[in-house]
Amino acid sequence: MSREGKIAQTFVELADTLVADFDVIDFLQQLTVRCRDIFAVTDAAVVLAYPGPQMYSPAPCDPSPALSRVLDLALREGPAADAYRTAEPVAPGDLSRAPAAWADFTTQARGAGYTHACAVPLRLRRETLGSLLLLRTTDSPVPLDDLAMAQAFADAATIGLVHARTLRHADTDTINEQMHGALHGRILIEQAKGYLAAHHDVSLGSAFDLLRDHARRHGLLLSAVAQGAIDAGDLPRPSTAPHQPAEDASAE
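These figures come from a predicted structure and were not determined experimentally. (Residues numbered from 1 in each chain as written. Predicted model: local features only at pLDDT ≥ 70, side-chain atom pairs only at ≥ 80, totals over all residues. Heavy atoms only, no water.)

(A) Quick peek at the side chain of E77. Residue placement: E77 occurs in the loop between α3 (65-74) and α4 (79-86). Engagement of the side chain of E77 in a polar contact is seen with the backbone nitrogen of A103, the distance being 3.4 Å. Of note is the side chain of E77, whose polar atom sits 2.7 Å from the backbone nitrogen of F105. (Helix = DSSP H or I, 4+ residues; strand = E, 2+ residues; numbered from the N terminus. Polar contact = N/O pair within 3.5 Å; in protein donor to acceptor, adjacent residues only side chain to side chain.)

See below:
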C-alpha cells in the first residue's frame, strides 16, 4: 500500500469509534503502530492525563524495555509533557541540544539510543487529553510535514475519543474518566502478557500479538481477554452459551 493509502486508512480507523465494541486500548495501540510505519519513527507512544497533572501511558501495550524506561520519565518531563501542558507541538530536534529542563529524560533517551524526540498534543478546542510522543534513532528529526500529519492524526484521535464518550457516557463520565479505564486495562494486559509468554514459551511481544489477535477474532475487548488469560493462565475460550438453546431446540 502506498504512503497516501496508509494515511487515508489511518483516518478511517481513527473515525471508527462509534461502535458498541469500541476498545480504547486497541484504538490507541493502533495509532502508535500507524505512526511508526508512516513516519518512519523508531517508537511512538500515547501519554494521557487523568485528571491532570498526573499522567500515564496506555499505549503501546508492548513497549520495549528501553522505551518503558524512557516513558517513565516522559510522563514528568520532555516533549510529551510539554506538548500536553502547552497544547502545542514540541519539536526541539536533536536530543544532544535538548532543553536543560529535560536533563533526566534526555539522558535516559540518549542512553536507549534515541537521537530525536518530538510530540504533538491530543487536543480538541480548549481541552487537551494528553500527547503523542515520537522517537527516532536516525541522524535526522521527523520532517515538519510529517509532524503536521502527526498532529492531524492526534486531532482525529481526540475527536474520536470524545465522540465515543458522548455515545456512552454523556450524562456521567468525563472524557478523562473514560480514559482512566485504559490505565487499568494496560495493567491487566501487562500481567496477561507474562502469563502467556510463560505458557507458550514466546516473547512478551509475541504474547501481546496473541492477545490482540484473539480479541479481534472474537470481537472482545483487549482488557477482557487479558483478564481471562490471567484467570485461566491461557487465552480464554469464546463462550458458546448463546447458541445452545437453538441447538437444543433443533435436536428435539
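Picking up after the structure, the text goes on.
(B) Highlighting the environment of R36. One can find R36 in helix α2 (residues 24-38). In this structure R36 comes out as partly exposed when scored by relative accessible area, which is 26%. The spacing of R36 and L134 is 98 residues in sequence and 8.2 Å in space, taken between C-alpha atoms. (Buried < 20%, exposed > 50% of the residue type's maximum accessible area, 1.4 Å probe, protein only.)

(C) Main features of the pairing of strand β1 (residues 43-49). Buried residues dominate β1, accounting for seven of its seven residues. Going residue by residue along β1, you find D43, A45, V47 and A49 tucked away on one face and A44, V46 and L48 tucked away on the opposite face as well. Pairing analysis gives six bridges linking β1 to strand β5 (residues 127-136), with the strands arranged antiparallel. Note that in β5 the partner of V47 across the bridge is S131. Pairing of β1 with strand β2 (residues 55-59) involves three bridges; the strand directions are antiparallel. Residue pairing across strands places V46 opposite A59, the latter belonging to β2. (Pairing = 2+ DSSP bridges.)

(D) Examining the sheet that holds strand β3 (residues 90-94) more closely. Spatially, the five strands line up as an open sheet ordered β2-β1-β5-β4-β3, and their pairing is antiparallel. The open sheet has two edge strands, β2 and β3, and neither has a second partner. This sheet shows a mean twist of 25° between the axes of neighbouring strands, independent of strand direction. Contacts between α3 and the sheet are confined to β1, β2 and β5, with β5 contributing the most and set at about 140° to the helix. (Axes fitted to C-alpha atoms, helices over the stretch in contact; angles between N-to-C directions. Contact = heavy atoms within 4.5 Å.)

(E) Structural view of the pairing of strand β4 (residues 116-124). When you tally the buried positions in β4, you get seven out of nine residues, the bulk of the element. As judged from the three bridges shared by β3 and β4, these two strands associate in the antiparallel manner. Bridge assignment links G93 to a residue of β4, and that residue is A117. Strand direction decides the pairing type here: β4 and β5, joined by nine bridges, are antiparallel. For L122, the partnering residue across the bridge sits in β5 and is G130. Remark: two residues form the turn of the hairpin made by β4 and β5, two consecutive strands paired antiparallel; R125 in that turn has positive phi of roughly 55°.

(F) Examining the environment of A109 more closely. The topology assignment puts A109 in helix α5 (residues 103-111). Residue A109 is classed as buried on the basis of its relative accessible area, which comes to 0%. Separated by 26 residues in sequence, A109 and L135 have C-alpha atoms that sit 8.8 Å apart. Once residues lying within four places of it in the same chain are set aside, the contact partners of A109 are V70, L95 and Y114.

(G) Looking closely at the pattern of salt bridges. On inspection of all chains with the given rule, the structure shows seven salt bridges. The closest approach of N and O atoms between K6 and D37, which form a salt bridge, is 3.2 Å. Taken together, the residues K6 in helix α1 (residues 3-15) and D37 in helix α2 connect sequence positions 31 residues apart. For D37, a relative accessible area of 38% translates into the label partly exposed. The closest approach of N and O atoms between D26 and R212, which form a salt bridge, is 2.6 Å. Of this pair, D26 sits in helix α2 while R212 sits in helix α8 (residues 204-218), placing them 186 residues apart in sequence. Take R212: its relative accessible area is 11%, and that puts it in the buried class. (Salt bridge = Lys/Arg side-chain N within 4 Å of Asp/Glu carboxyl O.)

(H) Broad picture of the packing of α1 against α2. For the pair α1 and α2, the least separation of the axes is 11 Å and the interaxial angle reads 165°. Judged by the angle between their axes, α1 and α2 are roughly antiparallel. Our pair here, α1 against α2, has a crossing hand that is left-handed. Here α1 contributes R3, K6, I7, Q9, T10, E13 and L14 to the contact with α2, which in turn contributes F27, Q30, L31, R34, D37 and I38. Of the residues assigned to the contact of α1 with α2, the class counts are five nonpolar, three polar and five charged. (Parallel < 35°, antiparallel > 145°, perpendicular 65-115°, else oblique. Left-handed = near helix turned anticlockwise from the far one by under 90°. Nonpolar A, V, L, I, M, F, W, Y, C, P; charged D, E, K, R; others polar.)

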